[in-house]
Amino acid sequence: MEVNGTVNVLVSAYLAVEYVDAVLPGNPLQPSLKHAWTYMVDNYTKFQIATWGSLFVHEFIYFSFCLPGFLFQFMPFMQRYKIQPDKPETWEKQWRCLKMLIFNHFCIQLPLICGTYYFTEFFNIPYDWDAMPRWPYLLAQCVGCAVVEDTWHYFLHRLLHHRRIYKHIHKVHHEFTSPFGMQAEYAHPAETLILGFGFFIGIILFCNHVSMLWAWVACRLMETIDVHSGYDVPMNPLHLIPFYAGTRFHDFHHMNFVGNYASTFTWWDRLLKTDSQYNKYMLRQDDTKKEQ
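Scope of this entry: the structure provided in the associated data block. This is a predicted model, so every value here is computed, not measured.

**Brief notes about the packing of aromatic side chains**
Using the criterion set out here, one finds 25 aromatic pairs in the structure. Aromatic side chains phenylalanine 47 and tyrosine 117 sit 5.6 Å apart centroid to centroid with 75 degrees between the ring planes, which places their arrangement in the edge-to-face category. Of the two residues, phenylalanine 47 sits in helix α3 (residues 46-72) while tyrosine 117 sits in helix α5 (residues 116-122), which places them 70 residues apart along the sequence. For phenylalanine 47, a relative accessible area of 31% translates into the label partly exposed. Measuring from ring centre to ring centre gives 6.3 Å for tyrosine 154 and tryptophan 268, while their planes differ by 25 degrees; the resulting arrangement is stacked.

Structure follows, in structure tokens:
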């Protein structure tokens, strides 16, 4: 029943995007994007694009998405949206986080990124503009990747919370009980590999152009930085996504250590009842607000 519901949501979303794409006028930025992409393909080798291009995309998107949350700590009016206001960010925590990120990005993730070129060659993944999928297909592929990654993340993340494993690996990520955006990829190297593998399963299943790989990088980073931001900002467009977990859902996981194991969606926690403590907590929060 749950699987059929998920499939119906994906099919409906894809058909809706197809319809919107058919009725909307052409993208005015397309000529500029085509010129930039063609210049890249004509002037750089596939290895340079797949390796250094992917590294640049990851680093640029990661720290760009982290920037708003970093600036929020200096804005008094944004503190009303901070989920755990009694636990502010400190320079010491952020510096410790940055050092771990640099190590993970360049000593763990970069060697994996170096394999991108060989992956695209083995599966004959194209780079040229003419072979690039239209945006509805890219969006549908990213949704598919998110569903696959979310499933992998739920079960492996839950396993990492086993009492015999937790202190050796996942405890590192939980050093911050009140998360902030930059902390999204703050983790033990083994966790980076274990949970990160779920990111690549979707690529293996759905990737048919290097642009799809970069689109999925952008979507995944946007999601994980959002849920780790520590701020429940109103009118967040990501909340329009059906079953999207969001910041409060994952923030509770860091605060409580138990439950809410999924990365993006709520259905696995709901189906396997691992969101029960979170639901009770939210009910208490609602009761407190009513009494005030």
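Text resumes after the structure shown.
**Quick look at the environment of methionine 100**
Note that methionine 100 resides in helix α4 (residues 91-113). Spatially, the C-alpha atom of methionine 100 lies 7.7 Å from that of alanine 187, the residues being 87 residues apart in sequence. Sequence-distant contacts of methionine 100, that is, excluding residues within four places in its chain, are made with Val172, Tyr186 and Ala187.

**Focus on unusual backbone geometry**
Even without being glycine, methionine 235 reaches a positive phi, approximately 60 degrees. On the secondary structure map, methionine 235 appears in the loop between α8 (210-227) and α9 (246-256). Even without glycine at this site, phenylalanine 257 takes up a positive phi of about 70 degrees. If you trace the backbone, phenylalanine 257 turns up in the loop between α9 and α10 (267-271). What makes phenylalanine 257 partly exposed here is its relative accessible area of 30%.

Reading the values: rules and limits
- Residues numbered from 1 in each chain as written.
- Predicted model: local features only at pLDDT ≥ 70, side-chain atom pairs only at ≥ 80, totals over all residues.
- Heavy atoms only, no water.
- Phe/Tyr/Trp six-rings, centres within 6.5 Å; stacked < 30°, edge-to-face > 60°.
- Helix = DSSP H or I, 4+ residues; strand = E, 2+ residues; numbered from the N terminus.
- Buried < 20%, exposed > 50% of the residue type's maximum accessible area, 1.4 Å probe, protein only.
- Contact = heavy atoms within 4.5 Å.

Taken by themselves, the reported measurements are silent on function.
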